[in-house]
Amino acid sequence: MSYSKDDVTGWSEAVASLHTNTAHDPGDERRAYEAMANVWSEYGYQDAPTEALRMLVNATEVGYMAALNDLRRGDLDDEITTWRPDLTEQ
């Protein structure tokens, strides 16, 4: 299956919009950028078109920022105690 440049542009714009709507704190944007820059520089997938790379980086930053938003709200699942038992100690 092939995709047109317009398809990729549309996906990229959708992910960029999601990125904008997930970024609630400039510090979170910086943290997400730094974390994902480290991940992507080690991954080595640098030969893709710039628009595709930007879309992938934005998408991974969205996940990172969404997790930070969840933590800030205290919206944690039960698995948190497996790696941070001190959070439930009273």
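One numbering rule holds for all chains: residues counted from 1, following each sequence as written. Totals for whole chains, interfaces and linings use every residue, but because this is a predicted model, local features are given only for residues with pLDDT of at least 70 and side-chain atom pairs only at 80 or more, for both listing and counting. The side-chain values count all of the structure's non-hydrogen atoms but skip hydrogen atoms and water molecules.

Topic: a nonpolar patch on the surface
Together, Met1, Tyr3 and Trp11 line one region of the surface with nonpolar side chains, adding up to about 440 Å² of accessible area. Helix and strand definitions here come from DSSP, where helices need a minimum of 4 consecutive H or I residues and strands a minimum of 2 consecutive E residues; each element is numbered from the N-terminal end. Among the structural elements, Met1 can be located in the segment before helix H1 (5-22). Exposed residues in this analysis have more than 50% of their type's maximum accessible area, buried residues have under 20%, and partly exposed residues fall in between, with area computed by a 1.4 Å probe over protein chains only. Residue classification places Met1 among the exposed residues on the basis of a relative accessible area of 90%. Patch building starts from residues that exceed 30% relative accessible area and form no salt bridge, then joins like charges within 9 Å and nonpolar side chains (Val, Leu, Ile, Met, Phe, Trp, Tyr) within 5 Å. For the area figures, the Shrake-Rupley method with a 1.4 Å probe applies, and any residue is considered shielded solely by the protein chains shown. Any Lys or Arg side-chain nitrogen found within 4 Å of a carboxyl oxygen on Asp or Glu counts as a salt bridge.

Notes on the packing of aromatic side chains
Aromatic contacts are taken between Phe, Tyr and Trp rings whose centres are within 6.5 Å, Trp giving its six-membered ring; a plane angle under 30 degrees counts as stacked, one over 60 as edge-to-face, and the others as tilted. Throughout the structure, instances matching the rule amount to one aromatic pair. A centroid spacing of 5.0 Å and a plane angle of 70° characterise the contact between Tyr3 and Trp11, whose relative ring orientation is edge-to-face. For Trp11, a relative accessible area of 39% puts it in the partly exposed group.

Some points on the pattern of salt bridges
What the rule picks out here adds up to seven salt bridges. Measuring nitrogen to oxygen at the nearest pair gives 2.5 Å for the salt bridge that ties Arg73 to Asp70. With a gap of three residues between them, Arg73 and Asp70 both fall in helix H3 (residues 50-73), about one helical turn apart. On the accessibility criterion, Arg73 (57% relative accessible area) is exposed. Relative accessible area serves as the criterion here: at 27%, Asp70 is assigned to the partly exposed category. Within this structure, Asp28, Arg31 and Arg72 form a network of salt bridges that share partners.

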